[in-house]
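Topology and contacts: notes
The chain contents come next:
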Amino acid sequence: MFGCAGCGAVLTAAVSEVALPIHLSATHWETLHPPLLEAGTYAVDPEPDGPPWRRWEEVDAEEAAGRGIFEPVGALSDGPPDTVLLAPGDLRGTGLILERADGYCMGIDGRAGPNLACLGCGLPVGTRMDDCGQWQLVRLLPHALVRLPGPPERPVMDWSRLPADGALWHGLSEFRDIPAGVALAHLLVAARGGPVEPAPGPVAELLGPTIAALLPPGAGAKRLDLAGPGYGEPAADLLLVPVHPQTGAVWRPGRGAVAVPVEASFWAEPAFPVHRTRLPVVGGLPAGVERDDPLPLFRRSRYWPSRDAFRYTLARMPAVREPWLREASARARAWY
């Protein structure tokens, strides 16, 4: 549990650490989002966050590289790094600082800085954000926290347990394009801008149209397939593999193929698709009567990985400075 550094009051429920979610990097504009993290968990964000902000033109390229950013972005935060992220429902003993509770239209966006104070001593301890276009979350300030005794954290699951565990099924639903955009950036670097041939089936369905639009065709294409715990390791040059949801470790293939990290639940979607069965009809149907189950819905639009997640991830990879990747990145900007 976390407590207030000013008076020691309890500020959170008992929580266990998990990896920083890949989908933190992007959201859907003017859309209400669910909590970023599951109840009973927390993650630490190493990047600075919140005001004050500086425009990219005001930042030295060497300083930006030292912060792990290698391509122009809109603005850089000079807020505190290593904030503790958790679901709003796991917060205890705090109240809103009303003069800092501004937002865009449907909630609080944290634009004015820390908007939560300890009810025991009034110390500003963090920021709640739940406006449209934002994941619902609380960011607690590291200098305002102390760790308090609590129950043991959840044990780290072995890779072999992940495919059958609920940790892979918390469901990104309509937000699945965000981890896809992150995976696409890693794929672009792993392929070094060369042609890629996705394996027929779920890989081609998820990334095939995007790969065809982004990467050039040609001979000697590298084969892309799925691999991971409980799924196996097919022969391929590039393998989409899961990131452990608790530790952030990448599952490593054993045949020398290049691993392309993918958020665990997004990886599990094609690797272990959920089979929904209809309820059985007791006694059967009378002769001549047919089932009237509705047909599957048509997709409303073509599925594309998130542009914002793709650019955010690519800007934080040193390879983006290489000439071959600059060309591919330029094609991506034109394509998006």
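Let us look at the structure shown here. What you see is a predicted model; the values in this text were computed from it and never measured.

Moving on, we get to the sheet that holds strand β6 (residues 83-86). Either a parallel or an antiparallel arrangement is found when strands of a sheet pair, and the pairing is made through backbone hydrogen bonds. The mixed open sheet is built from 7 strands, whose spatial order is β2-β3-β6-β10-β9-β8-β7. Among the strands making up the open sheet, the edge pair consists of β2 (16-17) and β7 (94-96). Both β6 and strand β10 (residues 137-140) contribute to a ladder of 3 bridges, which runs antiparallel. Among the inter-strand pairings, Val84 is bridged to a residue of β10, identified as Leu140.

Moving on to the nonpolar core. Leu188, Leu224, Leu238, Leu240, Leu314 and Leu325 are the most contacted members of the largest nonpolar core, which totals 35 residues. Within the residue set of this core, elements represented by two or more residues are α2 (177-190), α3 (202-214), β13 (222-226), β14 (238-243), β15 (258-263), α4 (264-271), α5 (307-315) and α6 (323-335). Ranked by residues supplied to this core, first place goes to α2 with 8 residues. Ignoring sequence-local partners within four residues, the contact set of Leu188 consists of Gly193, Leu214, Leu215, Phe310, Leu314, Trp324, Leu325 and Ala328. Of all hydrophobic cores here, the second largest spans 16 residues; its members include Leu11, Tyr42, Leu86 and Leu145.

Moving on, we come to the side chain of Asp131. Along the polypeptide, Asp131 turns up in the loop between β9 (124-129) and β10. Salt bridges are absent for the buried Asp131, whose nearest opposite-charge side chain, Arg111, sits at 5.3 Å. There is a polar contact of 2.4 Å between the side chain of Asp131 and the backbone nitrogen of Tyr104. Within the structure, the side chain of Asp131 is placed 2.9 Å from the backbone nitrogen of Met106, a separation counted as a polar contact. Asp131 has contacts with Gly103, Tyr104, Cys105, Met106, Gly107, Ile108 and Asp109, leaving out every residue within four places of it along the chain.

Once that is clear, we can look at the pattern of salt bridges. When the charged atoms of two side chains lie near each other, side chains of opposite charge can form a pair. Tallied over the full model, the rule gives 13 salt bridges. Between Arg139 and Asp45 there is a salt bridge; the shortest N-O distance is 3.0 Å. Taken as a pair, Arg139 in strand β10 and Asp45 in strand β3 (residues 41-45) lie far apart in primary sequence, 94 residues in all. Like Asp45, Arg139 is buried. The residue Glu63 makes a salt bridge to Arg67 at a minimum N-O spacing of 3.9 Å. Its relative accessible area of 31% is what places Glu63 among the partly exposed residues.

Compared with an ideal rise of 1.5 Å per residue, which puts 13 residues at 18 Å, α3 spans 19 Å between its outermost C-alpha atoms and is within 8% of the ideal. Largest kink in α3: about 55°, centred on Gly208, with the proline Pro209 one to four residues after it.

Further remarks concern the packing of α2 against α5. Axis separation between α2 and α5 bottoms out at 7 Å; the angle between their running directions is 40°. The angle between the axes of α2 and α5 places the two elements in the oblique class. Two packed elements cross with a definite hand, and for α2 against α5 that hand is right-handed. Contacts from Ile178, Gly181, Val182, Leu184, Ala185, His186, Leu188 and Val189 of α2 reach α5 at Ala309, Phe310, Thr313 and Leu314. In the contact of α2 with α5, the residues fall into 9 nonpolar, 3 polar and no charged.

Analysis parameters
- Residues numbered from 1 in each chain as written.
- Predicted model: local features only at pLDDT ≥ 70, side-chain atom pairs only at ≥ 80, totals over all residues.
- Heavy atoms only, no water.
- Pairing = 2+ DSSP bridges.
- Helix = DSSP H or I, 4+ residues; strand = E, 2+ residues; numbered from the N terminus.
- Core = buried A, V, L, I, M, F, W, Y, C linked by side-chain atoms within 4.5 Å.
- Buried < 20%, exposed > 50% of the residue type's maximum accessible area, 1.4 Å probe, protein only.
- Contact = heavy atoms within 4.5 Å.
- Lys, Arg positive; Asp, Glu negative; His and termini not counted.
- Salt bridge = Lys/Arg side-chain N within 4 Å of Asp/Glu carboxyl O.
- Polar contact = N/O pair within 3.5 Å; in protein donor to acceptor, adjacent residues only side chain to side chain.
- Expected span 1.5 Å × (residues − 1).
- Bend = angle between axes of the 7 residues up to and from the residue.
- Axes fitted to C-alpha atoms, helices over the stretch in contact; angles between N-to-C directions.
- Parallel < 35°, antiparallel > 145°, perpendicular 65-115°, else oblique.
- Left-handed = near helix turned anticlockwise from the far one by under 90°.
- Nonpolar A, V, L, I, M, F, W, Y, C, P; charged D, E, K, R; others polar.

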